[in-house]
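# Structure assessment
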Amino acid sequence: MKMKLISKNNFIPVNVPKIFKEEKKYVKKCLDTGWISSEGEYVKKFEKDFSRYNKRIYGIAVSSGTAALDIAIKSLNLKKGDEVIIPAFSIISTALCVIKLGLKPILIDSNLKNWNMDVEQVLNKISKKTKAIIITHIYGFPVDMNKILQVAKKKKIKVIEDAAEMIGQTYFGRMCGSFGDISIFSFYANKHITTGEGGMILTNNKKLYSKCKSLRNLCFGVGKNRFNHDDIGWNYRMTNMQAAVGCGQLKNIKCIIKRKKQIGRKYISILKKSDKIEIQIAKLKYSENIFWVFGVLLKKNIKISRDQIVNKLLKHNIQTRNFFIPMHKQKIFQKMKIFNKKQKFKNSEQLSKNGFYLPSGLAISNKEIDFVGNTLLKILQNKK
Ligand SMILES: Cc1ncc(COP(=O)(O)O)c(C=O)c1O
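Residues numbered from 1 in each chain as written. Predicted model: local features only at pLDDT ≥ 70, side-chain atom pairs only at ≥ 80, totals over all residues. Heavy atoms only, no water.

This brings us to the overall build of the protein chain. Helix and strand counts for the protein chain come out as 13 helices and 13 strands. For the protein chain, the C-alpha radius of gyration of 21 Å lies close to 21 Å, the compact-globule estimate for 384 residues. A principal-axis box enclosing the C-alpha atoms of the protein chain has dimensions of 70 × 55 × 40 Å. Looking at the protein chain residue by residue over its 384 residues, the buried ones come to 55%. Of the roughly 18600 Å² of accessible surface on the protein chain, 52% is carried by carbon and sulfur atoms. When the 74 basic and 28 acidic side-chain charges of the protein chain are each reduced to a single mean position, those positions are 2 Å apart. (Helix = DSSP H or I, 4+ residues; strand = E, 2+ residues; numbered from the N terminus. Rg over C-alpha atoms; globule rule 2.2 N^0.38 Å. Buried < 20%, exposed > 50% of the residue type's maximum accessible area, 1.4 Å probe, protein only. Areas by Shrake-Rupley, 256 points an atom, 1.4 Å probe, with all protein chains shown as cover. Lys, Arg positive; Asp, Glu negative; His and termini not counted. Charge placed at Lys NZ, Arg CZ, Asp CG, Glu CD.)

In structure tokens form, the structure reads like this:
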């Protein structure tokens, strides 16, 4: 993939997506033919191509990954008060979809090896009240999920696989997003393939598929009863233009994954020289890192803080993004008293306090990666 330096005034944004020629051609076709709403050939094509790519039968394209989570969890038909296991360290959407339905989120701390939800803790927190688990893969590696899937199957607990950050990733050779009852993806501009904003739900279950399709589209009635609605749904539709972008991106998925791996490995080759940080690794026994982003975690007891480092990077025109704030630390959830104040999630807190990620969008050049990595090294050595 050819890369050019696209940042203006030498500013390196945390993410710049890569748009290929196919997307422009397909979007032009939508505009030229007037098919710009959610009706139109590209929505269906994107659903078909994306579900086939991920080895699932059905795909439902929606307006965001958050919308996909809302729909996926509602489609499971759980009862108020049912417990749903989720990671403490993830985007707030994971807890929101549970809380909005009156379900009870049970938090799991991260492991510090790959920053994903800790598998042993998931198994320990499964109780009679557990009705669903959202397995959420974070930053580049999937959760080592075999045991969780086995136990969930045995106990008839529903599994939603949140593969928002994991487009094109595999787990023991099988596509992420093909596990559990239902899975979701995000196509926000910083995802491996983007539609600007967007998301997808995948499942092999025909009933869940029909329910999700209905929930995406205000649960319209059938035939003459069109405007007499069956349930409380949303308008979470994806437009034909967004899907057109998705179709173009998906055509380029192989070189996207290849380039993402190169970006990650290049950062590793520079940053492994520092003993002050933990960085993402390239391989685990079940997966190769696809580096959704390139994350950096400051080791404990180093003299400079994360905020000082990211401010210094910004002074050198390098934008970064801090890691997520864990669910139990979210001010809205504290105000709502959703989580027990005494519960501690030490690793999630450490990640949140000391973690950030570097510019790692697809359009970054090798020269920019060198500059970012070496500037960070110098800051850590107190030379900048
Ligand atoms: C793990 C995870 N799930 C869900 C989402 C929500 O996706 P969206 O931003 O498209 O709503 C994100 C967003 O980054 C995410 O990282």
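Glancing now at empty space enclosed by the protein. Here the structure, examined in full by the defined rule, presents two cavities of 30 Å³ or more. Taken together, the residues of the lining of the second largest cavity break down into four nonpolar, six polar and three charged. (1 Å grid on protein atoms, 1.4 Å probe; cavity = no way out; pocket = protein on both sides within 12 Å on 5 of 7 lines; lining within 4 Å. Points joined across faces, edges and corners; volume = space filled by probe spheres on them. Nonpolar A, V, L, I, M, F, W, Y, C, P; charged D, E, K, R; others polar.)

Residue position: Asn-252 is located in the loop between helix 8 (240–251) and helix 9 (253–271). Judged by its relative accessible area of 12%, Asn-252 falls in the buried class. Discounting residues that sit within four places of it in the chain, Asn-252 has contacts with Phe-20, Glu-22 and Glu-23. (Contact = heavy atoms within 4.5 Å.)

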